[in-house]
Each structure stands twice: as C-alpha cells, then as structure tokens.
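Residue-level structure breakdown
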Amino acid sequence: MATILVTGANRGIGLAIAKAFVNRSDNVIATCRSSSPLLAQTGAEIFESVDVTNDGDIANFSKALGNREIDILINNAGVSLRSAHEEQDWPAMLHQFNVNALGPLRVTRALLGILKPGSKIAIITSFMGSIGQNSWGGQYGYRLSKAAANMAGVNLSHELKPKQIPVVLIHPGYVTTDLTGGQGNLSPDMSAKGVIDRISELTMEGTGRFMHVDGHEIPW
Ligand code: NAP
C-alpha cells in the first residue's frame, strides 16, 4: 500500500486521481483549498486550506504531515485564466505563474524531507507550455506559467537524481473539467488512469521527461 499525495484534489483531474488511487487501496492524502462532497465520498484523507500560493498554508500542512513518508507526490493544482486582453493582463499572468509554476516548486520543496529514495514526483503540466508545439499562440499567462513549470520540473529532476527520486512532467490530455469549460475528449477518470500508468512506469531513466498522458514524449 503506497502513500499518494495529490494537490487540487477537490475537483477535476485531481479528484479523479485521488479516487483512482483510493480504489487501488492506496493511502491518499488529498489537499485542497476547500473540500467537496465528491472528494469526501472518496474516503481519501483530506487536508483543507492548502493554497499552493500560500507559504503559511504549505508550512502548516507540512507540519501536520510530520514524518509520514510519501511514495508519490502529484502536483496537480493549476489554473487557467481567460480574459479579453490576456496578452497584457499582468495580474492574471502573475497569478497563473504563482499557482502553476511556483506552486509545484513550493509544495515539493516543503515535502523534500519526507520523500525518500524510490519516491516519485509528477507535475501535471500542459502541452500549452511547449515552445516546440506552440503553433497558434495566445493564452500568454497559461503558456508562460506551464513553460516555467516544465523548467521547474527539469531542475528538480537534476537536483533529485542523487536522491533517486524521478520527476515527470505530464500533460493530462484535453479533459472535460471546469478548466476547459467542460470541453475535451477525455473524461477526468480516463485522464487519471493515464496519469497513474505513466507514474507507474516511471523510473530514474525517465526522469525529467515531458510526456503526453498517452505516453508519447512532447517537445519542449
Ligand atoms: P479544474 O477542474 O479547474 O481543477 C483545478 C484544481 O486546482 C482545483 O482543485 C482547484 O481548487 C485547484 N487550484 C487552483 N488554484 C489553486 C491554488 N491557488 N491552490 C490550491 N489549489 C488550487 O482543472 P483540471 O482540468 O482538473 O486541472 C488540473 C491540472 O491539469 C492543472 O494543473 C491544469 O493546468 C492541468 N491541465 C488540464 C487540462 C485539461 O484539459 N483539463 C489540460 C492540460 C493541463 P479550487 O476548487 O479551490 O479552485
């Protein structure tokens, strides 16, 4: 029985990941800002008031976990803000950077002490952060923040090699959640299954990779 930590687990892909791991009889630590009835129904252990932009929240959470070891850390919490002039909406860009790029870094750093050799880290990023696959532009804040999240993940992969902790960057597909306004071609459950498969396959050889949930590599 493994211990899995998922951020942003009250809805969407995070909720589906939490549910899937509970169904495998793993111990699931689900963090969120506020829980939801659907998350409560999963039977996961829920920690509320964990805003990934808030250092105090993360310090309190880390303290509450104490010495409990984490086998898999999934940095899932994320935000996509759309607005009429998003190409110059600096506050929205800064917020997305804070949540999507710094959030995974803050959470991971705070928990490094309870990640041991053989633990795994996933960051749910997006192909929208790929420079090589950017063929139509737009969504400045989201794209910039996810490109930065990718760099954070690669840096962590180098830093954590000596500790034998692999880090993978996973694009979850186009998933029918609030973030896409319900659009997409994958359900959260289907995406969660792929995320779990990719993490299960992850070894030190695959550390630092940027992958689609279907397993193919995405260009930086
Ligand atoms: P979602 O349904 O909108 O869920 C986003 C989750 O992130 C919610 O639990 C939300 O919590 C949490 N969150 C947002 N800001 C937070 C903060 N400051 N602190 C803590 N939690 C915060 O979106 P989703 O589609 O499941 O997205 C999950 C991840 O997949 C994100 O990283 C997203 O960028 C990525 N992704 C999604 C798609 C897609 O097609 N859906 C595609 C590519 C990548 P609240 O309820 O408190 O807001």
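Please refer to the structure placed before this passage.
Procedures and definitions
- Residues numbered from 1 in each chain as written.
- Predicted model: local features only at pLDDT ≥ 70, side-chain atom pairs only at ≥ 80, totals over all residues.
- Heavy atoms only, no water.
- Buried < 20%, exposed > 50% of the residue type's maximum accessible area, 1.4 Å probe, protein only.
- Helix = DSSP H or I, 4+ residues; strand = E, 2+ residues; numbered from the N terminus.
- Pairing = 2+ DSSP bridges.
- Right-handed = clockwise from strand over helix to strand, strands pointing away.
- Phe/Tyr/Trp six-rings, centres within 6.5 Å; stacked < 30°, edge-to-face > 60°.
- Lys NZ or Arg CZ within 6 Å of the ring centre and 35° of its normal.
- Near = heavy atom within 4 Å.
- Polar contact = N/O pair within 3.5 Å; in protein donor to acceptor, adjacent residues only side chain to side chain.
- Areas by Shrake-Rupley, 256 points an atom, 1.4 Å probe, with all protein chains shown as cover.
- 1 Å grid on protein atoms, 1.4 Å probe; cavity = no way out; pocket = protein on both sides within 12 Å on 5 of 7 lines; lining within 4 Å.
- Sits in = over half its atoms within 2 Å of the grid points.
- Arc of directions from axis to C-beta.

As a further point, take the pairing of strand S2 (residues 27-31). Among the five residues that make up S2, four are buried, leaving the element largely enclosed by the rest of the structure. The pairing of strand S1 (residues 3-6) with S2 spans four bridges and is classified as parallel. Note that in S2 the partner of Val6 across the bridge is Ala30. What joins S1 to S2 is helix H1 (residues 12-23), and the crossover it makes is right-handed. Taken together, the three bridges between S2 and strand S3 (residues 45-47) define a ladder with parallel strand orientation. Residue pairing across strands places Ala30 opposite Ile46, the latter belonging to S3.

Moving on to the packing of aromatic side chains. What characterises a pair of aromatic rings is the spacing of the ring centres plus the angle enclosed by the ring planes. Scanning the model with the defined rule gives three aromatic pairs in all. With centroids separated by 5.1 Å and ring planes inclined at 70°, the aromatic side chains of Phe47 and Phe61 adopt a geometry described as edge-to-face. Highlighted residues: Phe47 in strand S3 and Phe61 in helix H3 (residues 55-65), separated in sequence by 14 residues. With respect to burial, Phe47 and Phe61 carry one shared label: buried. Here the guanidinium or amino end of Arg143 rests over the ring plane of Trp136, the centre of that ring lying 4.9 Å away.

In this section: the site of the ligand. The full set close to the ligand counts 28 residues, and Asn10, Arg11, Arg33, Tyr142 and Thr177 are the nearest of them. Separating an oxygen atom of the ligand from a backbone N or O atom of Ile13 is a distance of 2.8 Å. The contact in question runs from an oxygen atom of the ligand to an N or O atom on the side chain of Lys146, over 2.9 Å. The fraction of the free accessible surface of the ligand (890 Å²) that becomes covered by protein chains is 94%. Cavity membership is defined here by more than half of the atoms lying within 2 Å of grid points; on that basis the ligand lies in the largest pocket.

Of the positions making up H3, those classed as buried are Asp57, Ile58, Phe61 and Leu65. Buried residues of H3, viewed axially, fall in a sector of 95°; they line one side. Every exposed residue of H3 that faces more than 90 degrees away from the buried side is listed here: Asp55, Asn60 and Lys63. Structurally, the start of H3 carries an N-cap: the backbone nitrogen of Gly56 is 2.9 Å from a side-chain oxygen of Asn54. Following H3 by one or two positions, Gly66 adopts a phi angle in the positive range, close to 60°.

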